[in-house]
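A structural walkthrough
Here is how the chains run, residue by residue.
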Amino acid sequence: MNLSKFIFVLLPLLIITSCTVDNSGDIVTNRDGQFFASVDGELFTASGARANARFSGGSLSIDGTNSGGNIIFLTIPTFQGEGSYDLSTSASIGTGAYFAVGDDTTYLSIADGGSGSITITEFNSLEGYVSGTFNFTAIQENIDINTQEITTETVVISSGSFTDLNLQGILTEGNTNNTLEAIIDDVAFSANNVAAFDSEMNGVISKTIIANNTNTNQNITITLNGAIAIGTYDLSSTTSSANSTALYTPDITSGGSSYVAQSGGTVTIDSYDDVAGSMSGTFQFVAEDILQQTTETYTITEGSFSVTFQ
């Protein structure tokens, strides 16, 4: 399992910008949230802009970044309200992750041997905040390229809590004028819930399109990093400030694997209006299991989108 690729899934959710209060359905963000945990016995704290929560397309994600840049990330892909959610591999309900910036290592609760849970104690969509507790054991797998021997490292996250984190995102359906369509292994895919948002992390501007079909539970997510202009962008299976990425998830409710675009995939921007925030284009890619648990691939062709970024 190449867990380094899994950070691709996390980044579109980690690079979150603030929302303001209005009457359009945007979530209120005016609380000074707190985020605490113990990482292998060492105190981990985050607050203010370093502690975030986002609810979009039925998925709830929560993250905290400490002063050293290390990140704890929690996600519940199909959030059903207040209560407890299993973060282990067998349950496939949610994911806990710890990203150590210093050694560029990602530890996951859904890796073999991982476990944990998150409990949402308060979820207030009207006032826009969430609170809860969590703990998980996360695993990093390393494969020797010569011997193929697998070794593991473990990190234990305990006594985790977050209080009054501002909910960011849109509680309502995605912009009804946004569209995304494609052919997936010769079968037509048409999203009926498409959200598009700008975000920034460490000075890098990203544009992310999250397209769901809520009837089939399929998802296509495209992230473009850096300055945007009309033209063609190569897709990569690894995330950096210079790379653009795409992801296909066959069933966002099952907790199964997601599939990341391999080299050779492209996104072409046909029109872009920076002032209006509108963009249209096409895409194509072949996607393989991001966790490399299967050799199955999906071929996405004739992809097209037209969106307005929020």
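Figured I'd write up the structure that's included with this text. As the structure is a computational prediction, the values presented were derived from the model and not from experiment. (Residues numbered from 1 in each chain as written. Predicted model: local features only at pLDDT ≥ 70, side-chain atom pairs only at ≥ 80, totals over all residues. Heavy atoms only, no water.)

1. A look at the pairing of strand β7 (residues 95-100)
Here β7 lies mainly inside the structure; 6 of its 6 residues are buried. Burial along β7 is two-sided: the residues Thr 95, Ala 97 and Phe 99 and Gly 96, Tyr 98 and Ala 100 are all buried. One ladder, built from 5 bridges, connects strand β5 (residues 71-76) with β7; its direction is antiparallel. Along β7, the bridge assignment pairs Leu 74 with Gly 96. Bridge analysis of β7 against strand β8 (residues 105-108) gives 4 bridges, and the strand direction is antiparallel. Bridged to Phe 99 within β8 is Thr 106. (Buried < 20%, exposed > 50% of the residue type's maximum accessible area, 1.4 Å probe, protein only. Helix = DSSP H or I, 4+ residues; strand = E, 2+ residues; numbered from the N terminus. Pairing = 2+ DSSP bridges.)

2. Comments concerning the side chain of Ser 38
Inspection of the secondary structure puts Ser 38 in strand β1 (residues 34-39). Look at Ser 38 and you get buried, because its relative accessible area is 15%. Every residue in contact with Ser 38, bar those within four places of it in the chain, is listed here: Val 156, Ile 157 and Ser 158. (Contact = heavy atoms within 4.5 Å.)

3. Describing the packing of aromatic side chains
Evaluation of the coordinates by the stated rule reveals 9 aromatic pairs. A ring pair is formed by Tyr 248 and Tyr 298, whose centres lie 5.0 Å apart and whose planes are at 65 degrees; its orientation type is edge-to-face. With a gap of 50 residues between them, Tyr 248 in strand β18 (residues 245-249) and Tyr 298 in strand β22 (residues 297-308) connect regions that are remote in the sequence. The burial state of Tyr 248 is the same as that of Tyr 298; both residues are buried. Taken together, the ring pairs in this structure connect Phe 35, Phe 44, Phe 134, Phe 136 and Phe 162 into an aromatic cluster. (Phe/Tyr/Trp six-rings, centres within 6.5 Å; stacked < 30°, edge-to-face > 60°.)

4. Examining the environment of Leu 87
For Leu 87, the location among the structural elements is in the loop between β6 (83-86) and β7. For Leu 87, a relative accessible area of 0% corresponds to the buried category. Separated by 31 residues in the primary sequence, Leu 87 and Ile 118 have C-alpha atoms spaced 7.1 Å apart.

5. Some points on unusual backbone geometry
Backbone geometry at Asp 186 places phi at a positive 70 degrees, although glycine is not the residue there. Position of Asp 186 relative to the elements: it lies in the loop between β12 (179-184) and β13 (187-190). The exposed category is assigned to Asp 186, whose relative accessible area is 76%. One non-glycine residue with positive phi stands out, namely Asn 217, at about 65 degrees. By the element assignment, Asn 217 lies in the loop between β15 (204-213) and β16 (218-225).

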